[in-house]
Amino acid sequence: MSDSIKLHYTVSPDDFTRAGEASGDVKSKLKKMGVSPEVVRKVAIAMYEGEINMVIHANGGDIDVEVSEDCITMILADKGPGIADIEQAMQAGWSTAPDNVRSLGFGAGMGLPNMKKYTDDMKIDTVLGVGTTVTMRIDM
């Protein structure tokens, strides 16, 4: 692959029926490109967790994915409330999801920990009241 491939997705807030469409599309495209199953799996999990977080907590947002020869980079940007305490949010099981979201089977507090676990690098830039940008990289 000589040139990188760029993909863009818009995630709607509170739309659980469409949550996961972007990560599913990327997974399908990576498979067709012949990317290794292990990399596809990591990308699908990390991106899905981020996508769900955008639906639950962040009023939706935008996801940009770049597939290059040596890595896949995902940038998830929202205009949500921001993350008050990143260290606490990174703890498995900690969640601010409301009860109605938990009743749907989401909000178990594993989103950010799983995003970190399945990526080779993850950065979180957040400003309270402005939004959060999560940049994740998975090496090929």
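Just so we're clear, the structure is a prediction, and the values are computed from it rather than from any experiment. (Residues numbered from 1 in each chain as written. Predicted model: local features only at pLDDT ≥ 70, side-chain atom pairs only at ≥ 80, totals over all residues. Heavy atoms only, no water.)

**Student:** Looking at this structure, I do not really get the pairing of strand S5 (residues 131-139). What am I missing?
**Tutor:** Of the strand pairs in this sheet, strand S3 (residues 71-77) and S5 are connected by seven bridges, and their pairing is antiparallel. Opposite Cys-71, over in S5, you have Asp-139 as the bridge partner. Pairing between strand S4 (residues 121-127) and S5: seven bridges, direction antiparallel. Bridge pairing in S5 places Ile-124 opposite Val-134. A loop of three residues connects S4 with S5, the two strands running antiparallel in sequence, and Gly-129 in this loop sits at a positive phi of about 80°. (Pairing = 2+ DSSP bridges. Helix = DSSP H or I, 4+ residues; strand = E, 2+ residues; numbered from the N terminus.)

**Student:** What exactly am I supposed to notice about the environment of Lys-29 here?
**Tutor:** Here Lys-29 shows up in helix H1 (residues 21-33). With 25 residues separating them in the primary sequence, Lys-29 and Met-54 have C-alpha atoms 22 Å apart. In contact with Lys-29, other than residues within four places in its own chain, are Leu-7 and Tyr-9. (Contact = heavy atoms within 4.5 Å.)

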